[in-house]
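Tertiary structure, described
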Amino acid sequence: MNGEMDASTKDQVWTQDDLLNLLEAMKVNLPQKDLAKYKTSESHLDWEKVAFNSFTGEMCKQKWNEVSKVIRKFRTLTELIFDAQDFIKNPYKGKKLKKHPDFPKKPLTPYFRFFIEKRAKYAKLHPEMSNLDLTKILSMKYRGLPDKKKKKYLEDFQKDKETFGHSMSKFREDHPDLVESMAKKGSNVPEKPRTPQQLWYSHEKKAFLKTHADATTKDIKDSLGKQWTQLSDKKRLKWIAKSLEMHKAYEEVMKGFIETHPELNMSNEDIVKSTLTKAERHLKDKSDGRPDKPPPNGYSMFCAELMSSMKDVPSTERMVMCSQQWKLLKQNEKDGYQKRCEQRKKEYEVEMNRFLCVSLFFYMYVCLPSLKLQPSPEKPKRPISAMFIFSEEKRPKLQQERPDLSDSELTRLLARMWNELSDKKKEKYKRLETVLKAESVKKGQEERSRLPDTPKTAQDIWQQSVIGDYLARFKNDRPKAQKAMEATWNTMEKKEKIMWIKKAAEDQKRYERELSEMRSPATIIASGKKMKFDGEPKKPPSNGYQKFSQEMLSNGELNHLPMKERMGEIGGRWQRQPQKEKDRYKKIAEEKQKLYKVELERWLADTEDDDDDDEEEEEKEAASSDNDSSSAEDSEEEDDDDDDDVSFQTWVKFIIAVGNYNGALD
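All of the points below concern the structure found in this document. It should be emphasised that the depicted structure is a prediction, and the values quoted were computed from it without experimental measurement.

Here we look at the overall build of the chain
For the chain, the helix and strand inventory stands at 27 helices and 0 strands. Within the chain, the fraction of its 666 residues that count as buried is 28%. Sequence-distant contacts in the chain: of pairs separated by 6 or more residues, those separated by 24 or more amount to 66%. Looking at the chain as shown, the accessible area adds up to about 47,400 Å², and 52% of this sits on carbon and sulfur atoms.

Considerations on the nonpolar core
If you look at the biggest cluster of nonpolar residues, it comprises 19 residues, and the most contacted ones within it are M26, V50, C60 and W64. Of all the secondary-structure elements, those providing two or more residues to this core are α1 (16-28), α3 (47-50), α4 (57-68) and α5 (77-89). Ranked by the residues each element gives to this core, the list is headed by α1, at 5 residues. The next biggest cluster of nonpolar side chains, apart from the first, holds 14 residues, and it includes A458, I461, V466 and Y470.

Some points on helix α11 (residues 217-229)
The end-to-end C-alpha distance of α11, which contains 13 residues, comes to 18 Å, matching closely the 18 Å that a straight helix rising 1.5 Å per residue would cover. Of all the positions in α11, only I220, L224 and W228 are classed as buried. For α11, the angular spread of buried residues about the axis comes to 60°, placing them on one side. Turned more than 90 degrees away from the buried face of α11 sit K218, K226 and T229, all of them exposed.

Here's the deal with the packing of helix α14 (residues 298-307) against helix α15 (residues 315-328)
Running from N to C, α14 and α15 cross one another at 120°; their axes reach a closest spacing of 10 Å. The orientation of α14 with respect to α15, classified from their angle, is oblique. Here α14 and α15 pass one another in a crossing that is right-handed. Seen from α14, the contacting residues are G298, Y299, F302, C303, L306 and M307; seen from α15, they are R318, M319, C322, S323, Q325 and W326. Tallied by class, residues from the contact of α14 with α15 come to 8 nonpolar, 3 polar and 1 charged.

Cut-offs applied
Residues numbered from 1 in each chain as written. Predicted model: local features only at pLDDT ≥ 70, side-chain atom pairs only at ≥ 80, totals over all residues. Heavy atoms only, no water. Helix = DSSP H or I, 4+ residues; strand = E, 2+ residues; numbered from the N terminus. Buried < 20%, exposed > 50% of the residue type's maximum accessible area, 1.4 Å probe, protein only. Contact = heavy atoms within 4.5 Å. Areas by Shrake-Rupley, 256 points an atom, 1.4 Å probe, with all protein chains shown as cover. Core = buried A, V, L, I, M, F, W, Y, C linked by side-chain atoms within 4.5 Å. Expected span 1.5 Å × (residues − 1). Arc of directions from axis to C-beta. Axes fitted to C-alpha atoms, helices over the stretch in contact; angles between N-to-C directions. Parallel < 35°, antiparallel > 145°, perpendicular 65-115°, else oblique. Left-handed = near helix turned anticlockwise from the far one by under 90°. Nonpolar A, V, L, I, M, F, W, Y, C, P; charged D, E, K, R; others polar.

Geometry only, nothing functional implied.
Here it is, written out as structure tokens:
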């Protein structure tokens, strides 16, 4: 090793072969299944058994402590030994070449040569000056130096630069593997995305230099730094959006780069996680409509409210003062904060689900409008009508006769021709329509009659995941591999089977779901209409105008008008209403909103209870159907119940949120 030897091993010289023998001896004395933390395995290791040749157990332990200092320690001891072997063979792997003892030093620039030469002199002349002030003075002196005097420093720099080039060439010849690996790692790596502030800084720097040509780098940073802190949220969001776009493109490029360069040993962990600060992320979430996360408990809520009035207090003292003030509160006051916190959590859950659902709705129907137009590949196409068959037959001939007509004009002409056609001639096309419709119905029945794939057992799923290893072990002898897998499965403990039992339960649910979908296909919801659940309270008007509109539409006074004119008349009447009447309608709408909120929460709670009862019945059925794994499955399905409950609640709130969103659009 490069470090000095400890006192106990000073007389003994460790060669590279000795170090590799030490690691091999440690590996032999470790258990075959080394799954414990490396510290645990290290403490249980018998160093006297590790000792070899003239090296005692204590000497081996001390040498291992030296080696392990340069290795990552978040894995098992067996894995650490592999890393240690790589380090012994190539101690500079992954490090900068500048740390290598043979790596030549870069030549000093002309300014640094002048700085080193003059610094001692100016330090004696101005002992009261700090290092920063001395550096500023010497920098100004060098800039004002005549070219004749600067020539000396430039010539010395050029000589050292040539020497450095020759030394670097020699280093490349002596260590080609190191230079090549570092060159590969540093070349072609995608550039990291820039933060919003960096993007804004690059944009503003050019404009700043036009008006301040003599500004130094420090002046630019100080001036633009103050401007960034005073930037409005609207302008800051613009640069946040640009940074997020760059980060998204960077992630895609980086994933492809990692796949095409496996020799660099890079993983997804090397990808930059985010370019936004906590404050920028909060601003972006706020602009997207994401609700603020509530405090976890009453004490946190108390601290948050108190800290808003403690801006002048140092941050180190704030929590101490909050704790002291909290202790002075009475128990009923503490309970009040806790109740407020619980209420805020419920409101946050509703707001968060509404935000997620509206975001999903916006993404599906605005960002991906093609989803609405693309029919499902599994769903049979609707048969074409008799008029469409007639149009397709006559269209080519008409296009030749009337090339001056557009497609829409041609379609209108074909429609008129169809209407003028006699019933006798129409009969031919109607027969074709009947045939095509019968074929479509038959195809749909065939699609529904196809049963889904039968569910797999836990043993089948496990065998499918390990079949490759067993076939390799038994040289592709499938019967022997099958027997070995069955024997292994029978000797496995229930704890080891839990994961596969859970996957089998999921596959069973998948089978039942697909089977129920085939027997009773989902109904198609008309565009713009909301699915209505049993017992769900009716959504009230959101404002006074909606309440007024409902009254006008329900009394039948305007039924003689078309809907468009009807709504125009209602809008005109609303404008002519006195302010007192408008306030009365507004008050009625607010009261109905409050009542709706209470009824909705009660309905959701009742739905949750019913869903829990259904899940308990499913658990009992699952437990009785699998006697071999009942105890393990029961211990794991509690989490599944919670997930199913949340998914149902989320679905209910999604439907409600989409309805609210559509109402807001109206």
